[in-house]
Amino acid sequence: MRPLPIEIDAARRPPLGMSAAAFLRDYWQKRPLLIRNAFPGYRSPIQPEDLAGLACEEGVLARLIQHDRSRDHYSLRHGPFDEAEFPGLPTQDWTLLVQDVDKWDADVAALLPAFGFLPRWRIDDIMVSFAAPGGSVGAHTDQYDVFLLQAQGHRRWQIDARPGAPQDFRPDAELKLLREFAPSHDWVLGPGDMLYLPPGVPHHGVAEDACLTFSVGMRAPSAAELMGDYIDTLAAEADESLRYADPDLAPPRDPNEIDATAMGRVVEALNALRMNDPDRLGDWFGRFITVYRAAGEVSAGGAPARSRIEIEWELERGAGLWRHPWSRMAWRRAHRRGAAARLYVSGQEFALPARDAQALAGAAELDAAAYTALSEAGRECVLALLAAGHYRLGLDEDEAEDGLGGDGEEE
């Protein structure tokens, strides 16, 4: 078989240059891929000054990384920053990174549908970085899949795609930087080019000129994180009557020994707590994944509550319900009889018909027609979510976004 290419031109078939099925089969979590013209003619919807302004806002996760070439030393500072700082920065060797820009800027969020070949609940955020010439965060690895889209300017990316590449960290850096890095591939990306990296691939990006890079990162909870939350849920819901038991106890050869039979009973006691019910397990995971790594929270705010009649009257006259950008939704088909589906919203769950759960999880906006098409249970769910701040009622998207200031932002 011919080896798979590590570089392709997607101009005729953006954004992957191949079918989603082929990409997932051959590259996803298996090997890196440089995609030229993933977004042909791409123009950044955000400018460096916009990013700097966002990095000065309370509640925005921002970092500033500077590199002293003479000492090969990287320094890290966290925002929010003062606007007066940026004009005084040097002309090279620094990078500003801002997380969750898709939650703050609708034009940046408009990029996400292009990644609809992935489960939406797997996508974490779009991080935007601005780098002055020479700016870099150092050679490192990520423990999650990432798509690095060049939005403005040019960045040189070097990767080490060889099996068993060194992964040890430098002891002298505040950041988790690689002690050794020997690139196997070297590319310069321009606007619209995109580099896909599976977890664990060493990489190093350096700005050739002043540039913007969009990083579409994935949610990938570690086994320890999954186990920790799972065990907490088991313990919270445990029946106190489930205990270590030994009705078959026989006289021990040594009363001070914890023998193999005793350990077998320990395993039985632990297995009694296990979530054998797929719906119970699915509900736990749905709640967990819709709050995992959430940088912001949704709150109801101080607006006076509106009656259902008022809300439906406004919808009939052209208003819309706009989902809060921090609100995470996913849904799952239920297994038990009489329960069609579950909708998960930022750690909460709602029992709904499958059609309603699918519609709500997939819609950033609900108009009168979409609301009316829901079942009564679906409409009641929307009203409850509106009261909790997960939707904003407005005449257009701009008005809805204006309503987010202060009430629904990160706590």
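Residues numbered from 1 in each chain as written. Predicted model: local features only at pLDDT ≥ 70, side-chain atom pairs only at ≥ 80, totals over all residues. Heavy atoms only, no water.

Visitor: Which residues make up the overall build of the chain, and what values do they have?
Guide: A count of helical and extended segments in the chain gives 12 helices and 18 strands. Within the chain, the fraction of its 411 residues that count as buried is 44%. Counting only contacts in the chain whose residues sit at least 6 apart along the sequence, the fraction spanning at least 24 positions is 77%. Per element, the accessible surface of the chain, about 21400 Å² overall, is 52% carbon and sulfur. Across the chain, the centroid of the 42 positively charged side chains sits 8 Å from that of the 66 negatively charged ones. (Helix = DSSP H or I, 4+ residues; strand = E, 2+ residues; numbered from the N terminus. Buried < 20%, exposed > 50% of the residue type's maximum accessible area, 1.4 Å probe, protein only. Contact = heavy atoms within 4.5 Å. Areas by Shrake-Rupley, 256 points an atom, 1.4 Å probe, with all protein chains shown as cover. Lys, Arg positive; Asp, Glu negative; His and termini not counted. Charge placed at Lys NZ, Arg CZ, Asp CG, Glu CD.)

Visitor: Got a sec to walk through the sheet that holds strand β11 (residues 203-207)? Specific residues and values, please.
Guide: The three strands are arranged β9-β8-β11 in an open sheet whose pairing can be described as antiparallel. Looking at strand neighbours, the two that pair on one side only are β9 (185-189) and β11, the edges of this open sheet. Pairs of neighbouring strands in the sheet enclose a mean axial angle of 20 degrees, with direction left out of account. Sheet topology places strand β8 (residues 155-159) next to β9; five bridges connect them, and they run antiparallel. The partner of Gln 158 across the bridge, within β9, is Asp 186. (Pairing = 2+ DSSP bridges. Axes fitted to C-alpha atoms, helices over the stretch in contact; angles between N-to-C directions.)

Visitor: So what about the packing of aromatic side chains? Which residues, and what values?
Guide: Under the counting rule described, the total for this entry stands at 22 aromatic pairs. Ring geometry for Phe 115 against Phe 117: centres 6.1 Å apart, planes inclined by 40 degrees, an arrangement best described as tilted. Of the two residues examined, Phe 115 and Phe 117, each falls in the buried class. Here the aromatic rings of Tyr 230 and Trp 284 are separated by 5.2 Å at their centres, their planes lie at 70 degrees, and the arrangement is edge-to-face. Of the two residues, Tyr 230 is situated in helix α5 (residues 223-237) and Trp 284 in helix α7 (residues 278-289); the sequence distance between them amounts to 54 residues. The same class applies to Tyr 230 and to Trp 284, which are both buried. Three or more aromatic residues joined by ring pairs make a cluster, and in this case those are Phe 23, Tyr 27, Trp 28, Phe 39, Tyr 42, Phe 115, Phe 117, Phe 147, Tyr 196 and Phe 214. (Phe/Tyr/Trp six-rings, centres within 6.5 Å; stacked < 30°, edge-to-face > 60°.)

Visitor: Before we move on, can you summarise the packing of α5 against α7 with the specific residues and values?
Guide: In a packed pair of helices, the relevant descriptors are the angle between the two axes and the axis-to-axis distance. At their nearest, the axes of α5 and α7 sit 11 Å apart, and the two run at 120 degrees to each other. Between α5 and α7, the crossing angle belongs to the class labelled oblique. Here α5 and α7 pass one another in a crossing that is right-handed. Seen from α5, the contacting residues are Glu 225, Leu 226, Asp 229, Tyr 230, Thr 233, Leu 234 and Glu 237; seen from α7, they are Arg 280, Leu 281, Trp 284, Phe 285, Arg 287 and Phe 288. A breakdown of the residues in the contact of α5 with α7 according to their chemical character gives seven nonpolar, one polar and five charged. (Parallel < 35°, antiparallel > 145°, perpendicular 65-115°, else oblique. Left-handed = near helix turned anticlockwise from the far one by under 90°. Nonpolar A, V, L, I, M, F, W, Y, C, P; charged D, E, K, R; others polar.)

Visitor: How would you summarise the pairing of β8 if you had to cite specific residues and measurements?
Guide: A large share of β8 lies buried, amounting to four of its five residues. As defined by bridge partners, β8 adjoins β11 across five bridges and the pair is classed as antiparallel. When the sheet's bridge partners are listed, Gln 158 is paired in β11 with His 204.

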